[in-house]
Amino acid sequence: MLRLIQNEWMKLWSKKGTWVMTGLLVLAILGMFGLTKWVNTMNNSEEQDWKMSVQNELTYVKEDLNNPELVKSEKERIEGKEKVLEYRLANSIEPLSETGREKMIMGSSGIGSIAVLLTVIVAAGIVASEFTQGSIKMLLSRPVKRWKILTSKYVTVILFGILLMLVGFIVSILGAFIFFQSGNGQELVWNGKEVVEVSIWGKGLYMLLLSFANVFVTATFAFMIGSVFRSSSLAIGLSLFIYFMGSTLVMLLARYEIVKYIVFTHMDLTIYESDFRIVEGITMPFSLAVLAVYIVIFLFISYTTFIKRDITA
Amino acid sequence: MEMKPVVELKNLSKTIGKKKIIDNLNLSLYPGQITGFLGPNGAGKTTTIRMMVGLMEPSGGDIVIDGKLLADDFEVGLSKVGVIVENPEMYKFMSGYKNLLHFARMHDGVTKTRIEEVINQVGMQNRIHEKVSTYSLGMRQRLGLAQAILHRPKFLILDEPTNGLDPAGIREFRTYLKMIAEKEGVSVFVSSHMLSEIELMCDRIAVIQNGKLVDIREMSETQESHYYIEIFPTETAESLLKAEGFAVEAHNDGFIIKAEKTQIPGLVQQIAANEMQLFAVHPHRKTLEDQFLEMTGGGQIAEAHTK
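Parameters and conventions
Throughout this description, residue numbers start from 1 for each chain and increase along the sequence as written. Throughout, the order in which chains and ligands are written sets their labels, letters from A for the former and numbers from 1 for the latter. It should be noted that, the model being predicted, local features are given only for residues of pLDDT at least 70 and side-chain atom pairs only at 80 or more, the latter also being counted only at that level, while totals for whole chains, interfaces and linings use all residues. Values reported for side chains reflect all heavy atoms of the structure, with hydrogen atoms and water molecules removed beforehand. In short, DSSP must find at least two bridges between two strands for them to pair. Each helix is a run of DSSP H or I of at least 4 residues and each strand a run of E of at least 2, with the numbering of both proceeding from the N terminus. The angle between two axes is taken between their N-to-C directions and runs from 0 to 180 degrees, where each axis is a line fitted to C-alpha atoms and a helix contributes only its stretch in contact. In what follows, a contact means two residues having at least one pair of non-hydrogen atoms within 4.5 Å. Those domain boundaries reflect an automatic or database domain assignment. For the purposes of these results, a polar contact is taken to be a pair of N or O atoms within 3.5 Å, where, inside protein, one atom must be able to donate a hydrogen and its partner to accept one; residues adjacent in sequence count only when each atom of the pair is a side-chain atom. Buried area: the accessible area, evaluated with a 1.4 Å probe, that two parts lose upon being put together, summed over both parts. Any carboxyl oxygen of Asp or Glu that lies within 4 Å of a side-chain nitrogen of Lys or Arg is treated as forming a salt bridge with it. Any residue outside Ala, Val, Leu, Ile, Met, Phe, Trp, Tyr, Cys, Pro, Asp, Glu, Lys and Arg is labelled polar, Gly included; the first ten of those are nonpolar and the last four are charged. Buried residues are those whose accessible area, probed at 1.4 Å on protein chains only, stays under 20% of the maximum for their type, while exposed residues exceed 50% and partly exposed ones sit between those limits.

### Quick look at the sheet that holds strand S8 (residues 187-191) of chain B
Residues and elements named next belong to chain B. The sheet built from 6 strands is open, its strands ordered S6-S7-S8-S3-S9-S10 with mixed pairing. The open sheet terminates on both sides in strands that have one partner only, identified here as strand S6 (81-84) and strand S10 (212-218). Between one strand and the next, the sheet's axes are offset by a mean angle of 15°, whatever the strand orientation. Here strand S3 (residues 34-38) pairs with S8 via 4 bridges, running parallel. Across the sheet, residue Thr-35 finds its bridge partner in S8, namely Phe-189. Here helix H1 (residues 45-52) sits on the sheet in contact with S3, strand S7 (155-159), S8 and strand S9 (204-209), set at roughly 145° to S7.

Structure representation (structure tokens):
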């Protein structure tokens, strides 16, 4: 199996396109940082006093808490936020500057959306291209069972996704050090008992992991379409369409119970680290379970069609 | 044939939709033998070959490779088979060497030294590190052969192998196939449209038509003793030949008779004694093309073509 993965990896990196894509990823991230830096220097507005803004935020949070329709989980979350804000004021601890180096490292989940795009291209083509090149005949007339070959391809796609995320993370750390100054602030969180400090590295990696769920699911979907229809363009098109339309669909269906069981609702796990949620009443374990079910379905379809197929063309 | 067959097809069938593509095919292939697989277009050659190498699933019947059912143990069965299916479609964006490395990793026990050895055997050592997209069709065929023999298969299946090779290449290829068949006891199964090629290469031919095996013949058998003889006057000659007990068949200006070599001098003396005019006596060989058309019936090829 290891040798099969080695093969797929060799084929992947023998294509110029793969190198170009990785290069694009690096350029895109650096470009994004450059742009942010440029915009920041352009509107160098007057520094607002951080105590003022924290005080303002606290007022909003207290108002939110008075809302009687709040779900329990939601209420706990907002209470945690309240505790952190009060702690900041009491101990005079500044929040991270929006334009500081630390914030940039933590907010590196933007890598996810670029990585999704590129991983989908690879996932869509890894089976389909064997068919279009005709090399599938050479590949499958070997003393290796088909499920092993498909598995090696799937593992390669996921490894490629992981690699892109890591490269993206490293590049964004470098970018953060090159373009941005370190701030005085400190990231704090309510752990249920007390307010504690958060390591920016840990948080950054955690965000990366959460956004990887998206890469994983979308790539698996593209892999399925690619191996069922043997057309990489169809797979790329469909996957990206779904990726971009998913959140719109969720918004449209947000009022209905069914939205909880749609894959799009759960693809972006970073929502659990942000304040904004379209769908109420879902939790991280629930999301993970739904995603797992979808992945199993996608893979089941890929494997059954790939193993049964007669190679005729 | 006393030897144990390397490959046996038993009542092999394939139905696609309602159409029977292959209908109860039975065929055994023996070590050290080169078997030609002939048939008009659409007869089911490629389908048969694809079932033998696991690209297609048979609808019925068994494929036995080296005594084991392919359906039971695919990996063990196919590890003994080397394949070139039609034009070898290699990974064009990689070098020839990487392509070989790729296929070597899919077999057990193919070492780097073995890869080098095979590269030398097919004469590719000078350009093996260039990308396959720069190769000519003939070079791709050589690379195709190289990947098929990497793991020293007991059984080699070739579909249209000489397509795109130059005359020297074809000859080299033929010599090589004969060599591995004789020395290593490899059983070779070649499908081709080039009848003259098959004739030079094969020990045995199997002819398929409309999914059914029409005939299996040993090539030596087809080269049995027929003689062409041209004598004047024709009528008396015919009665003389018949009186001598030969099977006579009119051919061009003379006759074809079935006779052993040892009978010929006696016959010539007879003709001289009868003061007939003898113009020619030479061994007559039906070409494979004649036999092929005879076996499949010329008309049915045309039918298959029009479909």
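Once you've had a look at it, read on.
### What to know about the sheet that holds strand S13 (residues 254-258) of chain B
Sheets are built from strands paired through backbone hydrogen bonds, the pairs being either parallel or antiparallel. Residue and element names in this part refer to chain B. A sheet is described by the order of its strands in space; here 4 strands give the open sequence S12-S13-S11-S14, paired in antiparallel fashion. A single partner strand is all that each edge strand has here, and the edge strands are strand S12 (248-251) and strand S14 (277-284). Averaged over all pairs of adjacent strands, the angle between their axes in this sheet comes to 25°, without regard to strand direction. One ladder, built from 4 bridges, connects S12 with S13; its direction is antiparallel.

### Some words on the domain arrangement of chain B
Split into domains, chain B comes out as domain 1 (7-80 + 153-221) and domain 2 (224-284). Each of domain 1 of chain B and domain 2 of chain B has a C-alpha centre, and these two points are 40 Å apart.

### Looking at the side chain of Ser152(A)
All names here are of chain A. Mapping Ser-152 onto the fold places it in helix H8 (residues 146-179). Polar contacts involving the side chain of Ser-152 include one to the main-chain carbonyl oxygen of Ile-149, which spans 2.6 Å. Not counting residues within four places of it along the chain, the set of residues in contact with Ser-152 comprises Met-1, Leu-4, Ile-5 and Glu-8.

### Focus on the interface of chain B and chain A
If you look at the interface, chain B gives 31 residues, while chain A gives 31 residues. Broken down residue by residue, the surface that chain B buries against chain A is led by Leu55(B), Arg105(B) and Met106(B), which jointly contribute 25%. On the surface where chain B and chain A come into contact, there are 3 salt bridges. In this structure, the salt-bridge partner of Arg3(A) is Asp108(B), at a minimum N-O distance of 2.7 Å. Joining chain B to chain A, the criterion identifies 17 residue pairs in polar contact (both at pLDDT 80 or more). Those elements that place two or more of their residues in the side of chain B that touches chain A are helix H2 (74-78) and helix H3 (96-104) of chain B. With 4 residues, H3(B) is the single largest residue contributor to the side of chain B that touches chain A. Residues belonging to the side of chain B that touches chain A are distributed by class as follows: 15 nonpolar, 6 polar and 10 charged.

### Quick word on the environment of Gly112(A)
Residue and element names in this part refer to chain A. Secondary-structure assignment places Gly-112 in helix H6 (residues 110-133). Residue Gly-112 is classed as buried on the basis of its relative accessible area, which comes to 4%. Distance in space between the C-alpha atoms of Gly-112 and Gly-34 is 18 Å, their sequence separation being 78 residues. Discounting residues that sit within four places of it in the chain, Gly-112 has contacts with Met-165, Ser-211 and Val-215.

### Section: the environment of Ala43(B)
All names here are of chain B. Among the secondary structure elements, Ala-43 is positioned in the loop between S3 and H1. Counting along the chain gives 54 residues from Ala-43 to Tyr-97, while the straight-line C-alpha distance between them is 36 Å. If we ignore the near neighbours within four places in the chain, the residues touching Ala-43 are Ile-21, Ile-208, Gln-209, Asn-210 and Gly-211.

### Comments concerning the environment of Ala146(B)
Residues and elements named next belong to chain B. As for its placement among the helices and strands, Ala-146 is situated in helix H5 (residues 137-149). Taking C-alpha positions, Ala-146 is 6.5 Å from Val-122, a pair spaced 24 residues apart along the chain. Aside from chain neighbours lying at most four places away, what touches Ala-146 is Leu-100, Val-118 and Val-122.

### Things to note about the pattern of salt bridges
Side chains bearing opposite charge may pair, as long as their charged atoms lie close to each other. Under the defined criterion, the tally for this structure stands at 16 salt bridges over all chains. Salt-bridge contacts for Asp66(B) lead to Lys80(B); the nearest nitrogen and oxygen are separated by 3.5 Å. Remark: Lys80(B) occurs in the loop between H2 and S6 and Asp66(B) occurs in the loop between strand S4 (60-65) and strand S5 (68-69); sequence separation between them is 14 residues. Its relative accessible area of 21% is what places Lys80(B) among the partly exposed residues. Overlapping salt bridges bring together Glu8(A), Lys11(A), Glu130(A) and Lys153(A) as one network.

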